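Residue-level structure breakdown
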Amino acid sequence: MLRWFFALVVLLAAAGPVAAQPLEPMTGLAQLGTDNLATYKTCFERIDSDPTDAFEQAMIWRDQGGGNLAQHCVAAALLALGQPTVAADRLEQLALTARSAPIAVRARLLSQSGQAWLAGRLPDRAHAALSMALEVAPDLPDLWVDRAVTLAAARNYWEAIDDLNRALEMQPRYGIALAL
């Protein structure tokens with residue numbers, strides 16, 4: 001039994017971010033039409049090849065009324081440019097102001113903020129963002145896993161296990177929760 005516990009501790013510690021994970025586009029941020037969604041997709045594709053250009057283009061788009069989609073791309077570009085705390089703050093603000101977005105999208109923005117805070121080596125801020133996400137959408141198992149990783153990074157292993165168990169209660173065959 002003790003051997004399994006130590007294996008879990010090692011897995012959870014390894015799950016902590018060494019570098020920031022790229023953000024994924026979320027089409028639930030706005031109902032703005034296909035032109036904006038195409039610009040949004042292009043912006044995220046540009047992040048992979050040239051994050052500086054993606055950031056500049058996203059800022060122009062934002063200033064021209066790109067709304068939530070543009071703001072999300074700005075934050076993603078900042079994360080890719082190695083500015084996780086700036087990106088985290090922007091993601092958190094976007095989650096709090098994107099009132100027309102579905103609850104699950106707002107919760108996932110808070111989760112992305114938490115992941116960015118963790119990449120910026122601020123586990124307390126990460127925990128706070130992920131806890132807010134869980135208050136908004138407690139029925140999303142991936143949020144429980146995200147918070148478990150954050151808790152493990154802060155060496156709160158028993159709490160991390162509790163969050164993983166919660167995710168598995170909701171989705172018993174949830175692969176990442178099982179692996180962790």
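See the structure shown above.
These lines cover the structure that appears in this document, whether it is placed above or below. (Residues numbered from 1 in each chain as written. Predicted model: local features only at pLDDT ≥ 70, side-chain atom pairs only at ≥ 80, totals over all residues. Heavy atoms only, no water.)

1. Looking at the overall build of the chain
Per the secondary structure count, the chain includes 10 helices and 0 strands. Put simply, the chain runs from its N terminus to its C terminus through helices and strands in the order α-α-α-α-α-α-α-α-α-α. Across the 180 residues that make up the chain, the buried fraction comes to 44%. Long-range contacts, defined as pairs at least 24 residues apart, comprise 57% of the intrachain contacts of the chain with a sequence gap of at least 6. (Helix = DSSP H or I, 4+ residues; strand = E, 2+ residues; numbered from the N terminus. Buried < 20%, exposed > 50% of the residue type's maximum accessible area, 1.4 Å probe, protein only. Contact = heavy atoms within 4.5 Å.)

2. Looking at the state of the cysteines
Cysteine pairs can be covalently joined through their sulfur atoms, and such a bond is termed a disulfide. Under the criterion given, the structure shown has 1 disulfide. Covalent S-S linkage joins Cys 43 and Cys 73, the inter-sulfur distance amounting to 1.7 Å. Measuring handedness by torsion sign, the sulfur bridge of Cys 43 and Cys 73 sits at about -95 degrees and is left-handed. Of this pair, Cys 43 sits in helix 2 (residues 34-49) while Cys 73 sits in helix 4 (residues 67-80); the two residues are 30 residues apart in sequence, bridging distant segments of the chain. The exposure class of Cys 43 is buried, given its relative accessible area of 3%. (Disulfide = S-S within 2.5 Å.)

3. Notes on the packing of helix 5 (residues 84-97) against helix 6 (residues 103-119)
Direction vectors running N to C along helix 5 and helix 6 enclose 165 degrees, while the axes themselves pass 8 Å from each other. Judged by the angle between their axes, helix 5 and helix 6 are roughly antiparallel. The way helix 5 lies across helix 6 gives a crossing that is left-handed. Residues Pro 84, Thr 85, Ala 88, Asp 89, Leu 91, Glu 92, Leu 94 and Ala 95 of helix 5 pack against Arg 106, Leu 109, Leu 110, Gln 112, Ser 113, Ala 116, Trp 117 and Ala 119 of helix 6. The residue inventory of the contact of helix 5 with helix 6, partitioned by class, reads 10 nonpolar, 3 polar and 3 charged. (Axes fitted to C-alpha atoms, helices over the stretch in contact; angles between N-to-C directions. Parallel < 35°, antiparallel > 145°, perpendicular 65-115°, else oblique. Left-handed = near helix turned anticlockwise from the far one by under 90°. Nonpolar A, V, L, I, M, F, W, Y, C, P; charged D, E, K, R; others polar.)

4. Examining the pattern of salt bridges
Under the defined criterion, the tally for this structure stands at 6 salt bridges. Between Asp 63 and Arg 62 there is a salt bridge whose closest N-O contact spans 2.8 Å. Under the relative-accessibility criterion, Asp 63 is labelled exposed at 58%. For Arg 62, a relative accessible area of 28% translates into the label partly exposed. Two residues, Arg 147 and Asp 163, come together in a salt bridge whose shortest N-O distance is 2.6 Å. One end of the pair, Arg 147, is in helix 8 (residues 141-153); the other, Asp 163, is in helix 9 (residues 157-170), with 16 residues separating them in the sequence. Arg 147 sits in the buried class, given a relative accessible area of 15%. Residue Asp 163 is classed as buried on the basis of its relative accessible area, which comes to 5%. (Salt bridge = Lys/Arg side-chain N within 4 Å of Asp/Glu carboxyl O.)

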